[in-house]
Amino acid sequence: MTALVVGAGPAGLMAAEQLLQAGFDVTVCDAMPSPGRKFLLAGIGGLNLTHSEATSDFLARYEDAADWLRPQLDVFGAEALRAWAAGLGVETFVGSSGRVFPAGMKAAPLLRRWLQRLRGQGMQLLTRHRWQGDLARDGSDWLLGFATPDGTTSLQARVVVLALGGGSWARLGSDGAWLPWLADRGVSVTSLRAANCGFEADWSEVLTRRAGEPLKNVSLSLPWLAGTRERRGECILTRDGLEGGLIYAHARAIRERIEACGRAVITLDLLPDRSLATLGAALDKAAAGKAGLTRSRLWQRAGLDGVKSALLEEVWRQPDTSSWLQAQGLAGMPVLRQQAALCKMLPVTLSATRPLDEAISTAGGISRAALDSGLMLNALPGVFCAGEMLDWEAPTGGYLLTACFASGRRAGEGAVQWLQHGGVA
Ligand SMILES: Cc1cc2nc3c(=O)[nH]c(=O)nc-3n(C[C@H](O)[C@H](O)[C@H](O)COP(=O)(O)OP(=O)(O)OC[C@H]3O[C@@H](n4cnc5c(N)ncnc54)[C@H](O)[C@@H]3O)c2cc1C
């Protein structure tokens, strides 16, 4: 065969589409019984396909990888992706947050129509074919070994696109097993780490009873990063720590702090709409003439809900807190004054990311230096890579899928050029 694409997620299918449109015969293999499983899962959460913000803001979401991804996103960014979906008969709309979703907010109709079109263009799809890392030269072809339900098989192709995804949600097919296989062949890689993930905190048994409850309308800041914007949103208390949109938005900075210092102390403002002065006045009012009220009742009357109040008490009881209060010049003040200050600037210690398998996406992977501008591996001429297996990361908001589609397209175009020039870069 001419072209073999391994991995039938958004990146692999997009690469296949470029090769098919250029008239090459293409076989796509996937380890799973059906294609696009993670894409379909993303659809269960609403399928945030891309984002409508200005191009410069959009690019900035990829931080140090923005320069690398710019040429890919210039060709196939948010607008082009929306036009492509429309070409499949799936219109998109911009939600109130600027995020872009397909009408119906599902992935299944888009994937179904896309697969139908690809099959119509001649794509062969081999499911339950798990590449096992064998990759050998056979003349000007590559020979790859696969595990199948019937044993093993080899497939031979002039050009190969690997689009094997990251290392999270392994049960959907992407398990990151490819990383050492490519590293052993001289491909520069960085270890896979959790991105857009939850973090661990050492909660008491009392607090874990509230696991699953949301901390609504809180503001989060990162004291070690001067000048970073405080963000407001919601996070969820879990048995092991914290997760949710607000945490994911800061996940890279928190993970890097933990990597550097062994832990990250974030600060939460549990009542961001109230100043310390108004909060103090509300507590005084709640306490006036009610000597028998428990602290949690007082806090409730001052507007702090049950889960926030439990978190405040948890941090209040931690051994580090008294030195923190001392450092803030609050030691010796009445307890409620100290707690009010704590409520506005609650230090929460996070000790580790939750395991990679639970993360929404993966950081790390194939380094930029390992690839040419067409996303071909310098160490393995004729082998191209795309999608989440490349070493970039981005927050949620549609940036993940957009970069997977864009890099899939670039790798597909690179493979077309490689074939058209007779195997010369
Ligand atoms: C719960 C959840 C929700 C998400 N929601 C969104 C969202 O709304 N918006 C957004 O932008 N992103 C979202 N994402 C992220 C997005 O789904 C991924 O970034 C994207 O699917 C990655 O595309 P990919 O093609 O690189 O890899 P994948 O989609 O992971 O596809 C890789 C394919 O390769 C196959 N494969 C792996 N190893 C082998 C092997 N050895 N042999 C053969 N086949 C193999 C796998 O079976 C898989 O089908 C979400 C992720 C999760 C987990």
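In this text the structure is predicted, and so the values were computed from the model without any measurement.

S.K.: Sorry if this is basic, but what is going on with the nonpolar core here?
M.R.: Most often, soluble globular proteins have nonpolar side chains that are buried together. If you look at the biggest cluster of nonpolar residues, it comprises 87 residues, and the most contacted ones within it are Leu-19, Tyr-62, Ile-366 and Trp-392. Looking at this core, the element that brings in the most residues is helix H16 (residues 399-420), giving twelve residues. Discounting chain neighbours no more than four positions away, the residues touching Ile-366 are Trp-68, Trp-178, Leu-182, Val-187, Ser-188, Val-189, Leu-371, Leu-377, Cys-385, Met-389, Leu-390 and Asp-391. Listed in part, the 45 residues of the second largest apolar core include Ile-247, Ile-266, Leu-304 and Trp-316.

S.K.: Help me out: how do you make sense of the packing of helix H11 (residues 276-287) against helix H15 (residues 335-344) in this one?
M.R.: Relative to each other, H11 and H15 sit at 140°, their axes nearing to 10 Å. When the axis of H11 is compared with that of H15, the two are oblique. The crossing of H11 and H15 is right-handed. On H15, the residues that touch Leu-276, Leu-279, Gly-280, Leu-283 and Asp-284 of H11 are Leu-336, Arg-337, Ala-340, Ala-341, Cys-343 and Lys-344. Partitioned by chemical class, the residues of the contact of H11 with H15 number seven nonpolar, one polar and three charged.

S.K.: Any chance you could explain unusual backbone geometry here in plain terms?
M.R.: For residues that are not glycine, phi is negative in most cases, and the peptide bond is trans in most cases. One non-glycine residue with positive phi stands out, namely Leu-47, at about 50°. As for its placement among the helices and strands, Leu-47 is situated in the loop between helix H2 (37-44) and strand E3 (50-51). Of note, Arg-128 is a non-glycine position whose phi angle comes to about 50°, a positive value. Relative to the assigned elements, Arg-128 resides in the loop between strand E6 (124-126) and strand E7 (130-138).

S.K.: Could you clarify how one ought to interpret the site of the ligand in this entry?
M.R.: As a structural note, the neighbourhood of the ligand is formed by 30 residues, with Asp-30, Asn-48, Ser-174, Glu-388 and Leu-401 the closest of them. Backbone polar atom of Ala-11 to an oxygen atom of the ligand: 3.0 Å apart, as the coordinates give it. In the model, an oxygen atom of the ligand is placed 2.5 Å from a nitrogen or oxygen of the Glu-388 side chain. About the coverage of the ligand: the protein hides 94% of its 1,000 Å² of free accessible area. Elements with a contribution of two residues or more to the shell around the ligand: helix H1 (10-21), H2, E7 and H16.

S.K.: For this particular structure, what's the right way to read the pattern of salt bridges?
M.R.: A full pass over the atoms with the stated rule returns 24 salt bridges. Taking the shortest distance from any N to any O, the salt bridge between Arg-354 and Glu-200 comes out at 2.7 Å. Pair noted here: Arg-354 is in the loop between strand E18 (352-353) and strand E19 (361-366) and Glu-200 is in strand E12 (residues 199-200), with a separation of 154 residues, a long-range link. Residue Arg-354 is classed as buried on the basis of its relative accessible area, which comes to 17%.

S.K.: It is not clear to me how the pairing of E7 should be interpreted in this structure. Could you clarify?
M.R.: Successive residues of a regular strand alternate their side chains across the two faces of the sheet. The pairing of E7 with strand E8 (residues 141-148) spans six bridges and is antiparallel. The residue bridging Asp-138 from the neighbouring strand is Asp-141, located in E8. Linking two consecutive strands that pair antiparallel, namely E7 and E8, is a turn of two residues; a positive phi of about 65° is found at Gly-139 within it.

Conventions used here
- Residues numbered from 1 in each chain as written.
- Predicted model: local features only at pLDDT ≥ 70, side-chain atom pairs only at ≥ 80, totals over all residues.
- Heavy atoms only, no water.
- Core = buried A, V, L, I, M, F, W, Y, C linked by side-chain atoms within 4.5 Å.
- Buried < 20%, exposed > 50% of the residue type's maximum accessible area, 1.4 Å probe, protein only.
- Helix = DSSP H or I, 4+ residues; strand = E, 2+ residues; numbered from the N terminus.
- Contact = heavy atoms within 4.5 Å.
- Axes fitted to C-alpha atoms, helices over the stretch in contact; angles between N-to-C directions.
- Parallel < 35°, antiparallel > 145°, perpendicular 65-115°, else oblique.
- Left-handed = near helix turned anticlockwise from the far one by under 90°.
- Nonpolar A, V, L, I, M, F, W, Y, C, P; charged D, E, K, R; others polar.
- Near = heavy atom within 4 Å.
- Polar contact = N/O pair within 3.5 Å; in protein donor to acceptor, adjacent residues only side chain to side chain.
- Areas by Shrake-Rupley, 256 points an atom, 1.4 Å probe, with all protein chains shown as cover.
- Salt bridge = Lys/Arg side-chain N within 4 Å of Asp/Glu carboxyl O.
- Pairing = 2+ DSSP bridges.

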